[in-house]
Amino acid sequence: MTITAERTGITTFRGKPVTLLGSAVRVGDRAPDFTVVANDMSPVTPASSAGSVRIVSTVPSLETPVCDQQTRRFTEEAGGIDGVQVLTISVDLPFTQRRWCGDAGLAHARTLSDYRELSFGLAYGVVIKELRLLARAVFVIDAGDRIVYAEYVPAVEQHPDYEAAIASARAVRA
């Protein structure tokens, strides 16, 4: 039986504290492995983007205003940086993610779903136990699969520090 770490005091949802499942990752850690699902239902692992710098942006749901803005901003501002990939992960179903990309005019956005096993969420410590959603967080992983930036946003309704995450990605890009 696997026991999952439970952490409190990290983030809130609508002003109320929530419990995050999984251990926190820290700068310098090797990026944990995970499997998520692409919009075409195919499995995606870190090996799918090996050798590139990745900004991994987690959001509770693309259908909410801050998540929409976060996904747009990282896709538009960092998506064009050579050697950097932007991955947005939520527990939205792949069909919903594909529709959102089309409606948002961001067909090139890379949205991935953690709905099956919460593999990413548990590995990176962002599963909100009470809601079975992912907390808002941003991780930058270098081409050597090391965490070079980690931000667990203290309130789900707040934006992450876009500038710091993008600057970290620029600093280590291949």
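Before any of the text, the structure's been laid out above.
Everything quoted here is computed from the prediction, not taken from an experiment.

## Describing the nonpolar core
Side chains of a nonpolar character, in soluble globular proteins, are inclined to be buried together. If you look at the biggest cluster of nonpolar residues, it comprises 28 residues, and the most contacted ones within it are Ile 89, Phe 120, Tyr 124, Val 126 and Phe 139. Taken together, the elements giving at least two residues each to this core come down to strand 4 (20–21), strand 8 (84–90), helix 3 (119–124), strand 10 (127–128), strand 12 (137–141) and strand 13 (147–152). Residue contributions to this core peak at three residues, all from strand 12. When residues no more than four places from it in sequence are discounted, the contact partners of Val 126 are Leu 20, Leu 21, Thr 58, Phe 120, Gly 121, Leu 133, Leu 134, Ala 135, Ala 137, Phe 139 and Tyr 152. In terms of nonpolar packing, the next biggest core, distinct from the first, is built from 14 residues, Val 53, Val 86, Tyr 162 and Ala 165 among them.

## Quick word on the sheet that holds strand 11 (residues 133–134)
Taken in spatial order, the four strands make up an open sheet running 1-4-10-11, and their pairing is antiparallel. Looking at which strands have only one partner, the edges of the open sheet turn out to be strand 1 (6–7) and strand 11. As defined by bridge partners, strand 4 adjoins strand 10 across two bridges and the pair is classed as antiparallel. Within strand 10, the residue paired with Leu 20 across the bridge is Ile 128.

## With respect to the pattern of salt bridges
On inspection of all chains with the given rule, the structure shows seven salt bridges. The salt bridge involving Arg 72 is made with Asp 68; its shortest N-O contact spans 2.7 Å. With a gap of four residues between them, Arg 72 and Asp 68 both fall in helix 1 (residues 65–78), about one helical turn apart. On the accessibility criterion, Arg 72 (26% relative accessible area) is partly exposed. Overall, Asp 68 belongs to the buried group, its relative accessible area being 18%. When salt bridges that share partners are traced, they join Glu 63, Arg 99 and Asp 103 into one network.

Conventions we followed
- Residues numbered from 1 in each chain as written.
- Predicted model: local features only at pLDDT ≥ 70, side-chain atom pairs only at ≥ 80, totals over all residues.
- Heavy atoms only, no water.
- Core = buried A, V, L, I, M, F, W, Y, C linked by side-chain atoms within 4.5 Å.
- Buried < 20%, exposed > 50% of the residue type's maximum accessible area, 1.4 Å probe, protein only.
- Helix = DSSP H or I, 4+ residues; strand = E, 2+ residues; numbered from the N terminus.
- Contact = heavy atoms within 4.5 Å.
- Pairing = 2+ DSSP bridges.
- Salt bridge = Lys/Arg side-chain N within 4 Å of Asp/Glu carboxyl O.

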